[in-house]
Amino acid sequence: MLRRVLTTMVGIPIILAAIWWGSPWLAILVAIAVILGVQEFYHLFKTTSVALPTMLGSLWALAFVVVGQASSDLTNFLTISSGIFFVGAFVSSLWLIAFYKGPGLTQASVYLILGPVYVGFLLSHAIILRETGAPENFGRDWLLFALLVTFATDTGAFLTGRSIGLHKMAPVLSPNKTWEGAIGGFALAILVSLALGQLLDLGLLRWQEALIGATVGVVSQLGDLSESTLKRVSQVKDAGSIIPGHGGILDRLDSLVLSIPAVYYLISLVFKP
């Protein structure tokens, strides 16, 4: 617990500073997270012969980050990202045909292609969300909103589950998660979203901010469960060990990979400011 607290005290200010300053610091931070995340994702695939090509996956994932930094709007971002996906999938298929000789070709294909999309494409939404809207602080405030409400969801779920959690939510995938914890995380997500609506200039009505917060309260927990599923399939406790007391990059970003895109698409497509 001490290592977790110390790591958090160092990591959170770095993340907040990158969000506050924006380009290029946020893009650099996301790029580092993406490279490490893809490596962890590929290492989850166990094989006795050929390892998945982390260099190929890292370059593919970084391409999504570059597009996020360079894109001017949602249409541009999705169009170019689609092209990157098909090119990456084609190159990955060629690699599988030429070099992969191990067991489980279908599973290897899924891991090889899903890794850059899961890590690179989804996390690149943090960059494009930061650059969304006007004035300049609009995207910054919404990215802070996504980050803080996600952290609130995780904290509420943890504290409530530890205090009164009795009914297991997904005992096979994540034995420690309970329905009481999930409800506590969801409730705190809404409360924090309303509080942030008072502190930040988000540009929407309070009920809209609460609805986006509620969405984060759901999808962030789904992201956590999704990563737990990957670890359960791979029979590992943590995706990595690079963050003292927390595990790997994926263990810390599992909630954000879904909550940040959710916030971005909601404010871009539904609640156009």
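Quick notes on the rules
Sequence order as written defines residue numbering, which begins from 1 separately in each chain. Selection of residues for local features in this predicted model requires a pLDDT of at least 70, selection of side-chain atom pairs for listing and counting requires 80 or more, and totals for whole chains, interfaces and linings are taken over all residues. Where side-chain values are given, they derive from all heavy atoms of the structure, hydrogens and water being excluded. By salt bridge we mean one thing: a side-chain nitrogen of Lys or Arg within 4 Å of a carboxyl oxygen of Asp or Glu. Partly exposed describes any residue whose relative accessible area lies between the buried limit of under 20% and the exposed limit of over 50%, with all areas from a 1.4 Å probe on protein chains only and scaled to the type maximum. In this description a helix means any DSSP run of H or I spanning at least four residues, a strand means any run of E spanning at least two, and both kinds are numbered starting from the N terminus. With axes taken as lines fitted to C-alpha atoms, and helix axes fitted only over the stretch in contact, angles between N-to-C directions fall between 0 and 180 degrees. Throughout this description, any angle smaller than 35 degrees is read as roughly parallel, any larger than 145 degrees as roughly antiparallel, any in the 65 to 115 degree range as roughly perpendicular, and the remainder as oblique. By the definition used in this description, the sense in which the near helix is turned from the far one sets the handedness, with an anticlockwise turn below a right angle giving left-handed and a clockwise turn giving right-handed. Contact between two residues is taken to exist if any of their heavy atoms lie within 4.5 Å; hydrogens are not considered. Nonpolar residues are Ala, Val, Leu, Ile, Met, Phe, Trp, Tyr, Cys and Pro. Charged residues are Asp, Glu, Lys and Arg, and all others, Gly as well, are polar.

**As for the pattern of salt bridges**
Argument step 1. Across all of its chains, the model carries three salt bridges by this definition.
Argument step 2. A salt bridge links Arg140 to Asp141; the nearest nitrogen and oxygen atoms lie 3.3 Å apart.
Argument step 3. The class for Arg140 is buried, based on a relative accessible area of 12%.
Argument step 4. A relative accessible area of 3% places Asp141 in the buried class.
Argument step 5. Ionic pairing is found between Lys177 and Asp224, a salt bridge with its closest N-O pair at 3.4 Å. With Lys177 in strand β2 (residues 174-178) and Asp224 in helix α9 (residues 206-234), this pair connects stretches of sequence that are 47 residues apart. Each member of the pair Lys177 and Asp224 is classed as buried.

**As for the packing of helix α4 (residues 74-99) against helix α5 (residues 105-123)**
Argument step 1. In the contact formed by α4 and α5, the axes pass within 11 Å of each other and the chain directions differ by 150°. In terms of orientation, α4 lies roughly antiparallel with respect to α5. The interaxial crossing formed by α4 with α5 has right-handed handedness. Residues Phe77, Leu78, Ser81, Phe85, Ala89, Ser92, Trp95 and Leu96 of α4 form the contact with α5, whose participating residues are Leu105, Ala108, Ser109, Leu112, Ile113, Val117 and Phe121.
Argument step 2. For the contact of α4 with α5, the per-class residue count stands at 12 nonpolar, three polar and no charged.

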